[in-house]
Amino acid sequence: MNIPKIKYLRNASFHEKLESFFNNIGGLTVFNIEFFKQLFTLPIEIAQIKKHMSELGVKTFSIVSIMGFILGFVLALQSFPVLERFGATDFLPATVSLSIIRELAPILTALIFAGRVSSGIGAEISSMRVTEQIDAMEVSAVNPFKYLVVSRVIATTIILPILTIYVIMISLIGAFIAVIMTDSMSFIYFIEAVISSIAFGDLIPALVKTYFFGYIVGIVGSYKGYTADGGTEGVGRASTTAVVMASLLILIVDMVMVKITVWLWPSIG
Amino acid sequence: MNNPIIEINDLEKSFGDLRILNKISLSVFEGENFIVFGQSGTGKSVLLKCIVGLLEPDAGDIKIYGNSILNLKTEKLNEIRKTMGFLFQGAALYDSMSVRENLQFPLIRNYNFSKEELEQKTIATLNMVGLESAIDKMPSELSGGMRKRIGLARAIITEPKIMLYDEPTTGLDPITSKEISVLILELQKKLNMTSIVVTHDLLCAEIIADRAIVLDKGDIIKEGTIKELTSSDNKLLRNFFSHEIIKQ
């Protein structure tokens, strides 16, 4: 596999920046192709995948719990006065739950996940690169791409949808607590209204796109780490650029996925 | 000396416009300890990395056991790599693994040993480098000398026929340097390995070397025994070795 290392350019000219941008796109494309080639070759790193999933879950559990609760709570609290003005407070559970499920929980969980995990993967793999640990694996006749990259990308792709479902539930709890504070409806009414307002077309596309987000987080972090250059400075750069690149790609893919969802299920548009 | 285990012919390697190796040719024979001398940046480590397939040369050929390793498929190259050990300059221990896991990693990945066999091999190899007490330590808990020893243990646990050392004594105090050099020689005799040692440590070379070359700006400027090299009239060699002798 011949993936060019990303050179850091100080005081780069416009031409050099443009060249570096296209190098990144080319490198990331080659990296993706290599991932799919290696994905279907044996051995499958089950132990590594399990280990990474467990680590990623532990790493992000508390932060997404707090984010999820605040998201639901604030959304309900902000929406209530607006809906009250139009005498439509009965629509509060539907408004809040649909906003959370369709867009806010998947995208915010993915962005927080990118911030926490993509940088971690970038830093971890790049430090292995600059301290020759990846070379040591290769010399030991072990495929470092399969061992380090494929296992991590599979783990992030599986764990993000699970985290998103968890965040949706926590957000709805947060929203319900905000609703209690307004004394406007009972627990039973809130739950019934939430369940009756959610359709297949809301939940499935929202979860499907989180698989793509999880994949982006894993592949971008690994790419930045694997191609790192320039010692400890390179490690720092790999971790920060991984977050920026992953977050941007998540937002772009979200836009495309929403468009595809609306095209496939026009009724929910 | 009998058959050449490693043969290098007209090897060239450049990074951009910078030429690192310039038509290097050499042979390393079975059971030999071959030293590659040279100042920093003369292409010593690049030569080692070409031999093990981490870097692809621009031109020339590298033969190991009589077969060219260039343009080999990864599977075939890995079969050759399994017969080689590599001690990296910074030991390159896996940070996230304990000493035990570091040593067992190549065995678990490439062979089918039982748990008991793995444990026995690990303890026996750590015993050879005198560090069996460090088996449960993490790399961050080890000193520089200990890291080199563990790196060496990880490299020899697969019982390689060829051992490559990249600056095995760099960054160590003279006493530890000597200990590591003696250890390398002992292990070479015990395991009957062929070794290439990249270094600029004359003391290490004097202990280990059967034969040596000196690289300068990508060219071999002299080949011979350490005695022949140190008594050479070549100005560059005299400069290099007088500096090393003063350091000692």
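That block above? That's the structure.
Think of each chain on its own: its residues are numbered from 1, step by step along the sequence as written. Here the convention is simple: chains get letters from A, ligands get numbers from 1, in the order in which they are written. Restriction of local features to residues with pLDDT of at least 70 applies here, the model being predicted, together with a cutoff of 80 or more for giving and counting side-chain atom pairs; totals for whole chains, interfaces and linings are based on all residues.

### Here we look at the interface of chain B and chain A
Here contacts are defined at the residue level, using C-beta atoms placed from the backbone and a cut-off of 7 Å between them. Every contact between the two is made by 14 residues of chain B and, on the other side, ten residues of chain A. Put simply, DSSP marks the helices as runs of H or I at least four residues long and the strands as runs of E at least two long, and each gets a number from the N terminus on. Of all the elements in the fold, those that place two or more residues in the side of chain B that touches chain A are α2 (74-81) and α3 (99-110) of chain B. Here the side of chain B that touches chain A takes four residues from α3 of chain B, the largest share from any one element. Any residue that is not Ala, Val, Leu, Ile, Met, Phe, Trp, Tyr, Cys, Pro, Asp, Glu, Lys or Arg is counted as polar, Gly included; the first ten are nonpolar and the last four charged. Across the side of chain B that touches chain A, the residue classes break down as eight nonpolar, three polar and three charged.

### Quick notes on the environment of M169 of chain A
All names here are of chain A. Structurally, M169 can be placed in helix α5 (residues 144-182). Comment: burial labels come from other C-beta atoms within 10 Å of the residue's own C-beta, placed from the backbone, where a count of 20 or more is buried, 12 or fewer is exposed, and between is partly exposed. Owing to 14 C-beta atoms within 10 Å, M169 belongs among the partly exposed residues under this scheme. Through-space distance from the C-alpha of M169 to that of N143 is 40 Å; in sequence the pair is 26 residues apart.

### Some words on the nonpolar core
Think of a nonpolar core as buried Ala, Val, Leu, Ile, Met, Phe, Trp, Tyr and Cys residues, each tied to the set through C-beta atoms within 7 Å. Counting residues in each nonpolar core, the largest one holds 125 residues, and the members touching the most others are I216 and A246 of chain A together with L164 of chain B. Broken down by element, this core gets its largest block of residues, 17 residues, from α5 of chain A. Those residues in contact with L164 of chain B that lie beyond four places of it in its chain are L48, I51, V52, M84, F86 and I196 of chain B.

### Details of the pairing of strand β8 (residues 194-198) of chain B
Residues and elements named next belong to chain B. A large share of β8 lies buried, amounting to five of its five residues. Where burial is concerned, the two faces of β8 agree: the one with T194, I196 and V198 and the one with S195 and V197 are both buried. By this definition, two strands are paired if DSSP reports at least two bridges between them. Examined bridge by bridge, strand β3 (residues 33-38) and β8 share four bridges and lie parallel to one another. Bridged to V36 within β8 is V198. Sheet topology note: the strand β7 (residues 162-166)/β8 ladder contains five bridges and is parallel. What sits directly across from Y165, in β8, is V197. A clockwise course of the path from the first strand over the helix to the second, judged with the strands pointing away from the viewer, identifies a crossover as right-handed. Considered for its hand, the β-α-β crossover made up of β7, helix α6 (residues 174-191) and β8 is right-handed.

### A look at unusual backbone geometry
If you check the backbone angles, A92 of chain B has positive phi at about 50° while not being a glycine. Inspection of the secondary structure puts A92 of chain B in the loop between β6 (84-87) and α3.

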